[in-house]
Amino acid sequence: MAPADQFDPRHYVGVRRPLAEAETLPAWCYTSAAFHTREIERAFLKRWLFVACADEVPNAGDTLALETVGGPIALVRGRDGVVRAFANACRHRGARLVEGRGTCRAIVCPYHAWTYDLEGRLIGAPRMERTAGFDRADHGLVPIRLATWQGFVFVTFDARIGRLEDQLGDLTTKLGIYDFDGMVCTRRTSHEVPCNWKVLIENAMEAYHTGTVHGASLRQQEAEDEPTEGGWDAIWIARDQSIAVLPDEAAPFDHVPGLAGRAARGTFFTAIHPNTQFACTQDCMWWLNVWPRGAEACRLEVGTCFPRATVARPDFAANVARYYHRWDTGVADDNAIGATQQVGLRFAARPPGRYSWTESAVHRVNLWLLDQVLDPA
Ligand code: FES
Ligand SMILES: [Fe+2]
């Protein structure tokens with residue numbers, strides 16, 4: 001059980017010490033409903049949140065339904081080529097409008113057939129002619145604020161926060177060299193995982209576990225800190241070739257042209273606060289989105305993107321199977337240990353743990369969260 005004063009900064013003094021002296025987050029941060037609610041309000045709903053790649057809705061009329069912490073939304077590419085986000089909820093009595101992926105000329109509600117055009121205007125509403133003062137112009141789909149950076153779509157449920165680029169900080173220059181705009185999102189997978197969302201985010205920010213959890217597949221990796229500025233964090237793993245295939249295999253695809261420095265010599269694993277990770281390696285990138293589903297469950301979405309020239313290769317389909325195998329293996333390993341960790345976190349009287357020197361980025365993402373969730377001391 002969390003203490004009644006679970007947001008009192010005095011409970012977190014140990015977490016805030018320098019890494020070598022610091023304690024891990026109290027167990028209730030991973031089980032408490034009140035802590036979870038506070039996270040959603042302060043760490044999620046006041047930020048830009050990554051949701052998809054723009055090329056997941058490549059053509060006019062393409063739709064993609066997404067579940068977010070702000071509610072169900074639909075991405076829709078309009079006739080004008082612009083990708084928009086709407087609440088995936090009918091303006092009549094609220095039915096969900098689109099499911100999964102689809103393509104349409106207009107969005108027709110499955111309940112009473114109210115019909116919206118691709119820009120969200122209500123264009124048809126049968127038997128509403130006797131309803132006093134009913135004007136279709138007042139009942140278009142609810143628009144959600146959307147911004148894209150290099151083809152990545154972010155939304156926010158806050159009307160007042162600033163530009164996406166301001167939140168991303170120096171990510172736009174450090175990772176901009178990968179030319180994500182020139183990549184294609186080739187696959188998206190979804191995984192329900194019985195653990196708190198932070199369990200998966202923390203796991204992906206340390207290589208400490210790789211020799212044990214991935215000992216039979218990815219094997220031990222060594223990560224270094226990558227300095228960042230703005231709303232993200234990063235670690236770097238040195239390896240001459242892409243880390244997106246298993247270690248015994250040669251990576252078959254060409255590198256992204258123009259990579260220099262650490263990008264040319266290894267892989268960045270990043271945490272884009274609060275719930276997104278971009279992993280950028282020499283020949284591709286993959287993203288992870290962790291959506292909380294209550295305090296003790298989450299849904300992990302994993303997308304994989306390759307340069308357009310790679311996807312056009314005649315050997316792409318045959319070779320990409322090795323990448324998918326590597327990702328599916330790594331994700332299954334991590335999800336399994338995450339579920340195990342969550343069981344242990346339910347022992348409420350367990351005193352806080354300590355961090356290894358290899359967990360500096362885990363410590364930083366924990367501190368970032370406390371900065372959002374706690375009241376100033
Ligand atoms: S709820 Fe959509 S038309 Fe009635
Ligand atoms: Fe892992």
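This structure is a prediction, so every number in the text was calculated from the model and none was measured. (Residues numbered from 1 in each chain as written. Chains lettered and ligands numbered in written order. Predicted model: local features only at pLDDT ≥ 70, side-chain atom pairs only at ≥ 80, totals over all residues.)

Asker: Would you mind going over the domain arrangement of the protein chain with me for this structure?
Answerer: A common way to express how large an interface is: the accessible area buried when the components associate. With domains assigned, the protein chain is organised as domain 1 (9-46 + 167-373) and domain 2 (49-160). Here the C-alpha centre of domain 2 lies 30 Å away from the C-alpha centre of domain 1. Domain 1 puts 21 residues into the contact, and the matching count from domain 2 is 15 residues. The set of elements that each furnish at least two residues to the side of domain 1 that touches domain 2 consists of helix 1 (33-44), strand 11 (183-193), strand 16 (285-292) and strand 17 (298-307). At four residues, the largest contribution of residues to the side of domain 1 that touches domain 2 is made by strand 11. By residue class, the composition of the side of domain 1 that touches domain 2 is 12 nonpolar, six polar and three charged. (Domains from an automatic or database assignment. Contact = placed C-beta atoms within 7 Å. Helix = DSSP H or I, 4+ residues; strand = E, 2+ residues; numbered from the N terminus. Nonpolar A, V, L, I, M, F, W, Y, C, P; charged D, E, K, R; others polar.)

Asker: How should the nonpolar core be read in this particular structure?
Answerer: For soluble globular proteins, nonpolar side chains are generally found buried alongside one another. L75, V153, F154, L200 and M285 are the most contacted members of the largest nonpolar core, which totals 99 residues. Two domains share this core, each providing at least three of its residues, namely domain 1 (9-46 + 167-373) and domain 2 (49-160). Those residues within four positions of M285 in sequence are excluded, and the remaining contacts are Y178, F180, M183, F278, A279, C280 and C305. (Core = buried A, V, L, I, M, F, W, Y, C linked by C-beta atoms within 7 Å. Buried ≥ 20, exposed ≤ 12 C-beta atoms within 10 Å, placed from the backbone.)

Asker: I would appreciate a short explanation of the packing of helix 1 against helix 9 (residues 360-373) in the present structure.
Answerer: Any two packed helices are characterised by how steeply their axes cross, that is the angle between the axes, and by the distance between the axes. Contact geometry for helix 1 and helix 9: axes closest at 8 Å, N-to-C directions at 95°. Considering the angle they form, helix 1 stands roughly perpendicular to helix 9. Between helix 1, through R38, E39, R42 and A43, and helix 9, the contact on the second element is made entirely by L369, Q372 and V373. Residue composition of the contact of helix 1 with helix 9, grouped by class: three nonpolar, one polar and three charged. (Axes fitted to C-alpha atoms, helices over the stretch in contact; angles between N-to-C directions. Parallel < 35°, antiparallel > 145°, perpendicular 65-115°, else oblique.)

Asker: Looking at this model, I keep getting lost on the sheet that holds strand 13 (residues 232-238). Mind explaining?
Answerer: Paired through backbone hydrogen bonds, the strands of a sheet run either parallel or antiparallel to each other. Across the sheet, seven strands lie side by side as 11-17-16-15-14-13-12; this open sheet has antiparallel pairing. Only two strands of the sheet have a single partner each, and these edge strands are strand 11 and strand 12 (223-226). Averaged over neighbouring strand pairs, the angle between their axes works out to 20° when direction is ignored. Bridge analysis of strand 12 against strand 13 gives four bridges, and the strand direction is antiparallel. Within strand 13, the residue paired with A223 across the bridge is I237. Along the sheet face, helix 8 (residues 316-345) touches strand 11, strand 16 and strand 17 and points at about 25° away from the line of strand 11. (Pairing = 2+ DSSP bridges.)

Asker: Help me understand the sheet that holds strand 6 (residues 107-108), please; the structure alone is not making it clear to me.
Answerer: The three strands are arranged 6-7-8 in an open sheet whose pairing can be described as antiparallel. Each of the sheet's edge strands pairs with one partner strand only, and the pair in question is strand 6 and strand 8 (122-124). Of the pairings in the sheet, the one linking strand 7 (residues 115-116) to strand 8 comprises two bridges and is antiparallel in character. What sits directly across from T115, in strand 8, is G124.

Asker: Would you explain helix 1 in this entry?
Answerer: Residues spaced three or four apart along an α-helix point in a common direction, a consequence of the helix completing one turn every 3.6 residues. Compared with the 16 Å implied by 1.5 Å per residue over 12 residues, the 15 Å span of helix 1 between its first and last C-alpha is a close match. Those residues of helix 1 lying buried are F35, H36, E39, A43 and F44. Projected down its long axis, helix 1 carries its buried residues within an arc of 100°, all on one side. Of the residues in helix 1, the exposed ones pointing more than 90 degrees away from the buried face are A33 and T37. Against the buried residues of helix 1 lie strand 1 (49-53), strand 16 and helix 9. (Expected span 1.5 Å × (residues − 1). Arc of directions from axis to C-beta.)

Asker: Explanation requested: the pairing of strand 17 in the structure shown.
Answerer: Regular strands place side chains that alternate from one sheet face to the opposite one. In terms of residue burial, strand 17 counts as a mostly covered element, since nine of its 10 residues are buried. Where strand 11 and strand 17 come together, 10 bridges link them in antiparallel fashion. Counterpart to V184 in the pairing with strand 17 is F306. Relative to strand 17, strand 16 runs antiparallel, the two being bridged by eight bridges.

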